[in-house]
Amino acid sequence: GAVVSQHPSRVICKSGTSVKIECRSLDFQATTMFWYRQFPKKSLMLMATSNEGSKATYEQGVEKDKFLINHASLTLSTLTVTSAHPEDSSFYICSARTGFSYEQYFGPGTRLTVT
Amino acid sequence: DQQVKQNSPSLSVQEGRISILNCDYTNSMFDYFLWYKKYPAEGPTFLISISSIKDKNEDGRFTVFLNKSAKHLSLHIVPSQPGDSAVYFCAASKKSSGDKLTFGTGTRLAVRP
């Protein structure tokens, strides 16, 4: 149980384009989903928290107009990187949790490369 | 401000021996702690957790110890296996933050056959 998928696993896009990453909880309903970014050899940096049906809460320093998050259902959240630039290249990971525990279950991550 | 720290970036252990991974935190409001294992280019996998009302939690080969007065927790893996080689992250959470996790910087464990 507690499986989280992400799609795509890898994406290469050109500078100025937008990219959408999907995060799905496959066998449970996720009341809350989180989006992280990981830089090489660094820890996971929380970008935003999203609750189903409400606006995402962004961490300080994360541009909400650049990183659009939609949590349309209890099993799906999307992160759209708008007008991507090379500095947005990173490993993006989502996680999901139910309302009953602290544990977050992570997706496999998406490697974004902006050329 | 790194509220959760893993001061050892790497650890090498012989197969069959004990691996001890350490984590320190600065925020006394944290009330739940978790350990995750991560392979390159994959998402973290939940391993074990502990509430602040306990000082030990055990699950198979994995035991987490919490010393609240020292703001320190550790993960013991015994016996260590080559498949345990990965990066281990500790994470902390507090109810007032909406259960967001604050991650440490990770420790790369290498288990030598």
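Structure: above.
This is a predicted model, so every value here is computed, not measured.

At the junction of the two partners, chain B supplies 20 residues and chain A supplies 20 residues. At the boundary of chain B with chain A, total buried surface from both sides reaches about 1600 Å², with 59% on carbon and sulfur atoms. Looking at the side of chain B facing chain A, the largest losses of area belong to D99, K100 and F103 of chain B, adding up to 28% of the total buried there. At the junction of chain B and chain A, the tally comes to 1 salt bridge. Close ionic contact of K100 of chain B with E59 of chain A constitutes a salt bridge, the shortest N to O distance being 2.9 Å. Summed over the shared surface of chain B and chain A, the number is 8 residue pairs in polar contact (both at pLDDT 80 or more). Contributions of two or more residues to the side of chain B that touches chain A are made by β4 (32-38), β5 (45-51), β9 (86-93) and β10 (101-103) of chain B. Sort the elements by how many residues they give to the side of chain B that touches chain A and β4 of chain B lands first, with 4 residues. Grouping the amino acids of the side of chain B that touches chain A by side-chain chemistry returns 9 nonpolar, 5 polar and 6 charged.

Another aspect to go through is the nonpolar core. In terms of nonpolar packing, the biggest core is built from 24 residues, with W35, F67, L79, Y92 and L112 of chain A touching the most fellow members. One finds V13, F33, Y88 and V111 of chain B within the second-largest nonpolar core, a separate group that totals 23 residues.

So, on to a nonpolar patch on the surface. Residues and elements named next belong to chain B. On the surface, I18, I20 and V78 cluster together into a nonpolar patch covering about 230 Å² of accessible area. Turning to its location among the elements, V78 is positioned in the loop between β8 (72-77) and β9. Among the residues examined, V78 registers a relative accessible area of 43% and is labelled partly exposed.

With that settled, consider the packing of aromatic side chains. How two aromatic rings sit relative to each other is set out by the distance from centre to centre and by the angle between their planes. On inspection of all chains with the given rule, the structure shows 13 aromatic pairs over all chains. With centroids separated by 6.3 Å and ring planes inclined at 45°, the aromatic side chains of F67 of chain A and Y92 of chain A adopt a geometry described as tilted. Of this pair, F67 of chain A sits in strand β7 (residues 67-73) while Y92 of chain A sits in strand β9 (residues 90-97), and the two are 25 residues apart along the sequence. Residue Y92 of chain A is classed as buried on the basis of its relative accessible area of 0%. Measuring from centroid to centroid gives 5.8 Å for Y36 of chain B and F46 of chain B, while their planes differ by 70°, and the two rings are edge-to-face. Here Y36 of chain B is found in strand β4, whereas its partner F46 of chain B is found in strand β5, with 10 residues between them in sequence.

Before going further, it helps to examine the environment of F67 of chain A. Judged by its relative accessible area of 5%, F67 of chain A is buried. Apart from residues lying up to four places away in sequence, F67 of chain A is in contact with R37, M47, Y58, V62, L79, T80, V81, D88 and Y92 of chain A.

To continue, consider the pattern of salt bridges. Considering all chains together, one arrives at 4 salt bridges over all chains under this definition. With its nearest N and O atoms 3.4 Å apart, the salt bridge here joins E22 of chain A to R24 of chain A. With its nearest N and O atoms 2.8 Å apart, the salt bridge here joins R61 of chain B to D84 of chain B. One end of the pair, R61 of chain B, is in the loop between β6 (56-59) and β7 (62-67); the other, D84 of chain B, is in the loop between β8 and β9, and 23 residues separate them in sequence. The exposure class assigned to R61 of chain B is partly exposed, which follows from its relative accessible area of 22%.

All names here are of chain A. Inspection of the secondary structure assignment puts T32 in strand β4 (residues 32-38). A distance of 2.7 Å separates the side chain of T32 from the side chain of N51, its partner in a polar contact. With sequence-adjacent residues up to four places away left out, T32 is seen in contact with T49, S50, N51, H71, S95, A96 and R97.

With respect to the helices and strands, the residue P108 of chain A is situated in the loop between β10 (105-106) and β11 (110-114). The exposure class assigned to P108 of chain A is partly exposed, which follows from its relative accessible area of 35%. Each C-alpha atom of the pair P108 of chain A and S5 of chain A lies 6.5 Å from the other, and the pair is 103 residues apart in sequence. Sequence-distant contacts of P108 of chain A, that is, excluding residues within four places in its chain, are made with V4, S5, Q6 and F91 of chain A together with A41, E42 and G43 of chain B.

The rules behind each value
Each chain has its residues counted from 1, following the order in which its sequence is written. Whichever chain is written first is A, and whichever ligand is written first is 1; the rest continue in order. Residue-level local features of this predicted model are given only where pLDDT is at least 70; pairs of side-chain atoms are given and counted only at 80 or more, and the full residue set underlies all totals for whole chains, interfaces and linings. Side-chain descriptors were evaluated using all non-hydrogen atoms of the structure, hydrogens and water having been removed beforehand. Should any heavy atoms of two residues lie within 4.5 Å, those residues are counted as being in contact. By buried area we mean the combined loss of accessible area, with a 1.4 Å probe, across both parts when two parts are placed together. Salt bridge, as used here: a side-chain nitrogen of Lys or Arg that lies within 4 Å of a carboxyl oxygen of Asp or Glu. Here a polar contact is taken to be a pair of N or O atoms separated by no more than 3.5 Å, where protein atoms must pair a possible hydrogen donor with a possible acceptor and residues adjacent in sequence count only if both atoms sit in side chains. Helical segments are the DSSP runs of H or I of at least four residues, strand segments are the runs of E of at least two, and each set is numbered from the N terminus. Asp, Glu, Lys and Arg are counted as charged, while Ala, Val, Leu, Ile, Met, Phe, Trp, Tyr, Cys and Pro are counted as nonpolar; the rest, among them Gly, fall into the polar class. Buried residues of nine kinds, namely Ala, Val, Leu, Ile, Met, Phe, Trp, Tyr and Cys, make up a nonpolar core once their side-chain atoms join them within 4.5 Å. For the exposure calls, accessible area comes from a 1.4 Å probe over protein chains only, and a residue counts as buried if that area is under 20% of its type's maximum, exposed if over 50%, partly exposed in between. Note on patches: the residues involved have over 30% relative accessible area and no salt bridge, like charges join within 9 Å, and the nonpolar side chains Val, Leu, Ile, Met, Phe, Trp and Tyr join within 5 Å. For the accessible areas, the method is Shrake-Rupley and the probe is 1.4 Å, while residue cover comes only from the protein chains on display. Ring pairs shown here join Phe, Tyr and Trp side chains whose ring centres sit within 6.5 Å, with only the six-membered ring taken for Trp; geometry is labelled stacked below 30 degrees between planes, edge-to-face above 60, and tilted in between.

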